[in-house]
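# Fold and geometry: a report
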Amino acid sequence: MELVYVIYGFLSTFYFLKFLIPLLKEKVIDFPNKRSLHNDPTPTGGGIVFSIQIIIISFFSRDYLPLICLPLSVVGFLDDKYNLSSKLRFLVQICTSFLIIFFTRINFEGINNLTLIEIFIIIFFIFTFTAFINFVNFMDGIDGLVASCLFAGFLFIALNNDPLIFIFIGILLGFLKWNWMPAKIFMGDVGSTFLGAYYLLSLSRFDNLENIVGFFFAMSPLIFDAAICVLRRLYYKENIFTPHKLHLYQRLCDSGLSHSKVTILYFLACLILCITYNIFGLIQLFGVVSLIIFFGIWLDRNVATKFEISLKS
């Protein structure tokens, strides 16, 4: 049955995008500029396929909880076309994070009888979830990177908790067929913010906090690249929501590595972390996360273009 789910997700997404790409070429185009890592005008907004598929899956499975992620898709699609205010996008992300926590009630028995410590923990979760949604969005800058990394995460969530997610694994594969270098379509904010939220929702449906933490930090290559870049930009008093080419993955591409090589590097790192947690547990996972962070620092200093040089460009 899992194989049937994957095949359905792949074929339905592949042919839907085959139909959608010509339409998006007329309506929503990402034109390259000095901040871009692509050279040709490319249709964006292809991530709308994730939302449409989730609506279909929710209808047939009668599991309507994933629909709380849809407002992010609506705002993301409008942002892809009209460049909405970052404050509006941030507000919707906060509300979505709250709804994920409220409806899954991560390890909390009742929302009406929370202790002060639990309230602070919920605020921490809202902050962390909102940051993760933004980080996934920030990392969607080269062909296939976000979709392939989250493919690894969703695969292990499906194996451990929810077989229905195998449909979404097929959906990601169908999208990657069009998004791999050279990409025929980008997912856009409509896809990246939805993916980040849906991944968090899928994590939050685990019965124990250890699995939530484990598979959250299995996405460390995305999390720490974005988080460290944000901190460095804050140090230089930059607006963290403005476009730039300062992430490690962007500077690796600027150094001469192809999109596919950088994407495979990040995907393998996420896959290794998923396997490590799944087989050995949380402590060993953090050990491998530390090794990957040190490897990232080495890449930053020895392979990628310099952060300061990129900052001035």
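These numbers were taken from a predicted model, which means no experiment stands behind them. (Residues numbered from 1 in each chain as written. Predicted model: local features only at pLDDT ≥ 70, side-chain atom pairs only at ≥ 80, totals over all residues. Heavy atoms only, no water.)

## Some thoughts on the overall build of the protein chain
When its secondary structure is counted, the protein chain shows 14 helices and two strands. Its C-alpha atoms give the protein chain a radius of gyration of 19 Å, near enough to 20 Å, the size a compact globule of 313 residues would have. Judged by the C-alpha coordinates and their principal axes, the protein chain covers about 50 × 45 × 40 Å. Here the protein chain, with 313 residues, has 51% of them falling under the buried criterion. Taken as a whole, the protein chain presents about 15200 Å² of accessible surface, with 67% of it coming from carbon and sulfur. Across the protein chain, the 22 positively charged side chains and the 20 negatively charged ones have centroids separated by 9 Å. (Helix = DSSP H or I, 4+ residues; strand = E, 2+ residues; numbered from the N terminus. Rg over C-alpha atoms; globule rule 2.2 N^0.38 Å. Buried < 20%, exposed > 50% of the residue type's maximum accessible area, 1.4 Å probe, protein only. Areas by Shrake-Rupley, 256 points an atom, 1.4 Å probe, with all protein chains shown as cover. Lys, Arg positive; Asp, Glu negative; His and termini not counted. Charge placed at Lys NZ, Arg CZ, Asp CG, Glu CD.)

## Focus: the side chain of Gln93
Assignment of secondary structure puts Gln93 in helix H4 (residues 86-104). The residues contacting Gln93, other than those within four sequence positions of it, are Leu72, Thr130, Ile133, Asn134 and Thr193. (Contact = heavy atoms within 4.5 Å.)

## Here's the deal with helix H10 (residues 220-235)
Between its first and last C-alpha atoms H10 spans 22 Å; for 16 residues at 1.5 Å apiece the expected length is 22 Å, and the two agree. Those residues of H10 not exposed but buried are Ser220, Pro221, Leu222, Ile223, Asp225, Ala226, Ala227, Cys229, Val230 and Arg233. Looking at the residues trailing H10, positive phi occurs at Lys237, about 60°. (Expected span 1.5 Å × (residues − 1).)

## Quick look at the packing of helix H3 (residues 70-82) against H4
Look at H3 against H4: their axes get within 10 Å of each other, and the N-to-C directions meet at 165°. Accordingly, the angle class assigned to the pair H3 and H4 is roughly antiparallel. Both H3 and H4 take part in a crossing whose hand is left-handed. Contacts between H3 and H4 involve Pro71, Leu72, Val75 and Asp79 from the first element and Arg89, Val92, Gln93 and Thr96 from the second. The residue inventory of the contact of H3 with H4, partitioned by class, reads four nonpolar, two polar and two charged. (Axes fitted to C-alpha atoms, helices over the stretch in contact; angles between N-to-C directions. Parallel < 35°, antiparallel > 145°, perpendicular 65-115°, else oblique. Left-handed = near helix turned anticlockwise from the far one by under 90°. Nonpolar A, V, L, I, M, F, W, Y, C, P; charged D, E, K, R; others polar.)

## Here's the deal with the environment of Arg233
In this structure, Arg233 sits in helix H10. Separated by 74 residues in sequence, Arg233 and Phe307 place their C-alpha atoms 9.8 Å apart. Arg233 has contacts with Glu238, Asn239, Ile240, Phe241, Thr242, Pro243, His244, Leu246 and Phe307, leaving out every residue within four places of it along the chain.

## Comments concerning the side chain of Arg89
Counting through the fold element by element, Arg89 comes out in helix H4. Residues within four places of Arg89 in sequence aside, it is in contact with Val75, Asp79, Leu84 and Asp189.

## Remarks on the pattern of salt bridges
Overall, the coordinates contain six salt bridges when judged by the stated rule. The salt bridge involving Asp300 is made with Arg232; its shortest N-O contact spans 3.2 Å. Here Arg232 lies in helix H10 and Asp300 lies in helix H13 (residues 282-302), a separation of 68 residues in the sequence. Among the residues examined, Asp300 registers a relative accessible area of 17% and is labelled buried. Here Lys245 ties to Asp254 by a salt bridge, and the two come within 3.3 Å at their closest N and O atoms. (Salt bridge = Lys/Arg side-chain N within 4 Å of Asp/Glu carboxyl O.)

## Regarding the packing of helix H9 (residues 209-217) against H13
Running from amino to carboxyl end, H9 crosses H13 at an angle of 20°, the nearest separation of the two axes being 10 Å. It follows that H9 is roughly parallel to H13 by the angle criterion. The crossing of H9 and H13 is left-handed. From H9, Glu210, Val213, Gly214 and Phe217 reach across to H13, where they touch Leu282, Leu285, Phe286 and Val289. A per-class count over the contact of H9 with H13 returns six nonpolar, one polar and one charged.

## Describing helix H2 (residues 48-61)
Counted at 1.5 Å a residue, the expected span for H2 with its 14 residues is 20 Å, and the 20 Å between its end C-alpha atoms agrees. Within H2, the full set of buried residues consists of Val49, Phe50, Ser51, Gln53, Ile54, Ile57 and Ser58. Buried positions along H2 lie against helix H1 (2-27), H3, helix H7 (165-179) and helix H8 (188-204). Among the residues trailing H2, Arg62 stands out with phi positive, at a value near 60°.

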